[in-house]
Amino acid sequence: MLWSMVRLALVAIRRNVLRSSLTVLGIVIGVAAVITMTTIGAGATAKVTADIASLGTNLLMVRPGQGQGPGGARSDAPPFKIVDAEAIQREIYGVAAVAPISQKVAQAISASHNWSTTVNGATSQFLIVRNWELASGRAFTDGEERAGKALCVLGQTVRRELFGAADPVGQRMRLGKLTCQVIGLLSPKGESSFGQDQDDVVLVPLRWLQRTLAGNTDVGVIFVSARDDVETQKVQADLERLFRERRHSPTGEDDFSIRDMKEIATALTATTKVMTSLLGAVAAVSLLVGGIGIMNIMLVSVTERTREIGIRLAIGALEHEVLTQFLVEAVVLSSVGGVVGIVLGLLAAFAGTHAIGAPFVFQPTIVVMAFVFSAAVGVIFGFFPARQAARLDPIEALRHE
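Residues numbered from 1 in each chain as written. Predicted model: local features only at pLDDT ≥ 70, side-chain atom pairs only at ≥ 80, totals over all residues. Heavy atoms only, no water.

**Student:** For the nonpolar core, give the residues involved together with the corresponding values.
**Tutor:** Ranked by size, the top nonpolar core spans 22 residues in total, and within it Val 62, Ile 88, Ile 222, Val 224, Val 235, Leu 239 and Phe 243 carry the most contacts. Listing elements by their share of this core, those giving two or more residues are β1 (59-64), α3 (82-91), β2 (95-110), β9 (221-226), α8 (232-247) and β10 (256-260). When residues no more than four places from it in sequence are discounted, the contact partners of Phe 243 are Val 62, Phe 80, Asp 84, Ile 88, Ile 222 and Phe 256. The next biggest cluster of nonpolar side chains, apart from the first, holds 20 residues, and it includes Phe 140, Ile 183, Leu 186 and Met 261. (Core = buried A, V, L, I, M, F, W, Y, C linked by side-chain atoms within 4.5 Å. Buried < 20%, exposed > 50% of the residue type's maximum accessible area, 1.4 Å probe, protein only. Helix = DSSP H or I, 4+ residues; strand = E, 2+ residues; numbered from the N terminus. Contact = heavy atoms within 4.5 Å.)

**Student:** A description of unusual backbone geometry should follow, citing residues and the corresponding values.
**Tutor:** We note that Ala 111 has phi near 55°; this positive angle belongs to a residue other than glycine. Looking at the secondary structure, you find Ala 111 in the loop between β2 and β3 (113-122). By relative accessible area, Ala 111 is classed as exposed at 77%. Not every positive phi belongs to a glycine, and Asn 131 is a case in point at roughly 55°. In this fold, Asn 131 is placed in the loop between α4 (126-129) and β4 (134-137). Under the relative-accessibility criterion, Asn 131 is labelled partly exposed at 41%.

**Student:** Explain the packing of aromatic side chains to me, using residue names and the numbers behind them.
**Tutor:** Aromatic ring pairs: the centre-centre distance and the angle between the two ring planes describe each pair. Inspection of the entire model under this criterion finds 5 aromatic pairs. Taking 5.6 Å as the distance between ring centres and 40° as the angle between the ring planes, the aromatic pair formed by Phe 243 and Phe 256 counts as tilted. You can see Phe 243 sitting in helix α8 and its partner Phe 256 sitting in strand β10, a full 13 residues away along the chain. Each of the two residues, Phe 243 as well as Phe 256, counts as buried. Look at Phe 350 and Phe 360: their rings are 5.8 Å apart centre to centre, the planes differ by 70°, and that puts the pair in the edge-to-face class. A residue pair is termed long-range when its members are at least 10 positions apart, and Phe 350 in helix α11 (residues 319-356) and Phe 360 in the loop between α11 and α12 (364-390) qualify at 10 residues. Classification of Phe 350 by relative accessible area gives exposed; the value is 51%. According to the relative accessible area criterion, Phe 360 is partly exposed, its value standing at 34%. (Phe/Tyr/Trp six-rings, centres within 6.5 Å; stacked < 30°, edge-to-face > 60°.)

**Student:** Explain the pairing of strand β8 (residues 201-205) to me, using residue names and the numbers behind them.
**Tutor:** Taking burial as the measure, the 5 residues of β8 include 5 buried ones, the bulk of the element. Taken together, the 5 bridges between β3 and β8 define a ladder with parallel strand orientation. Along β8, the bridge assignment pairs Ala 122 with Pro 205. Here strand β5 (residues 151-154) pairs with β8 via 2 bridges, running antiparallel. Counterpart to Val 153 in the pairing with β8 is Leu 203. (Pairing = 2+ DSSP bridges.)

**Student:** I'd love a proper account of the side chain of Ser 335, names of residues and values included.
**Tutor:** Relative to the assigned elements, Ser 335 resides in helix α11. Judged by relative accessible area, which is 15%, Ser 335 ranks as buried. When sequence neighbours within four positions are dropped, the list of residues in contact with Ser 335 reads Phe 371, Ser 374 and Ala 375.

**Student:** Before we move on, can you summarise the pattern of salt bridges with the specific residues and values?
**Tutor:** On inspection of all chains with the given rule, the structure shows 10 salt bridges. Between Arg 246 and Asp 84 there is a salt bridge, and its shortest N-O distance comes to 3.0 Å. Taken as a pair, Arg 246 in helix α8 and Asp 84 in helix α3 lie far apart in primary sequence, 162 residues in all. Judged by relative accessible area, which is 7%, Asp 84 ranks as buried. (Salt bridge = Lys/Arg side-chain N within 4 Å of Asp/Glu carboxyl O.)

**Student:** Can you explain the pairing of β5? Please cite residues and give values.
**Tutor:** On β5, burial covers both faces: Leu 151 and Val 153 on one face and Cys 152 and Leu 154 on the other are all buried. In this sheet, strand β7 (residues 178-186) lies alongside β5 in parallel orientation, the contact comprising 4 bridges. Within β7, the residue paired with Leu 151 across the bridge is Gln 181.

**Student:** Give a description of α3 that names residues and reports values.
**Tutor:** Among all positions of α3, only Ile 82, Asp 84, Ala 85, Ala 87 and Ile 88 are buried. Check the buried side of α3 and you find it contacts β2, α7 (206-214), β9 and α8.

**Student:** Describe the environment of Val 331, listing the residues and the values that go with them.
**Tutor:** Looking at the secondary structure, you find Val 331 in helix α11. Taking the C-alpha atoms as reference, Val 331 lies 5.9 Å from Val 379; in sequence the two are 48 residues apart. When near neighbours in sequence (up to four residues on either side) are disregarded, Val 331 contacts Ala 375, Gly 378 and Val 379.

Right, here's the structure in full:
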């Protein structure tokens, strides 16, 4: 019974292919827009989460004087020293690794190639804190860092600009006027969510950078990695207590700031999810417009087929059978639009995620919901025309020209 009604619906749709195609266009656009927006949003959320995770495991960043406003850190706060990092390692429970960092911008030179890059002076624990692997070579040891040896580890961008595809390990290069030996090559990290090329970096021993490039003993930021079995909130509270004791700000305000990367990741993820929901809701308006289009065409169809309906009622067709026939026709229209919209939406989402460098996250729940919703649109907006057809007076319908 149902299959015969579906066949009748397909016959009715084929009578006016162009009109039927234009009718389902609203459904196609609505479903495609919803799937595209939600899938791209899910990919962007996954990219943000991965980028934050690439910064390090359970990472906290301690900076001098970075906060602003009431209760924030002063902008004129004195920089950290290596002894501050040593105090963290010695006195804070639950710390897996501590890496003091000092940065300078320098011109990296090899033969006829040169590249302006960021030079990070760090200790051997930097790679542990940042969860960063080596593609080749090795990192400098604690002894080499304390001795301030002229060694360097290159990021992939610096390697590409100075050495092309060649392995730079074992070669010598210059940072400004200073020469260092390349002992390692970092694995690629790519671009962060903040648009920074994480691979555009040269890693050198902290004391060598302080003695040569910087000319001071300042530390700009301290990276702290908490152990997996310890909450980062507890480590952050202990860090705040330690630095308040050590720095003795004359104003009584904190002259340092601590950022928990988990909190930043949660905030960014929540933001992208809200934006995805809003974009999906806006796109869903197209489904409403498509539903109105289906109701309009079904009303026209009822008017055009009044005599056909009268004949069916006159030869014994029941009202609910006529009602079902037109409902099925509306559902078939909207379902066809839903299937086409799903295919186009997935293709557009794949292209969109590729364009922004985000992963393609297939969401079967969204696809199923979009199809069910498109079919429901056919039922809701097709009911009134179907009921109108079922309630026609057979005699008046037969008189209709």
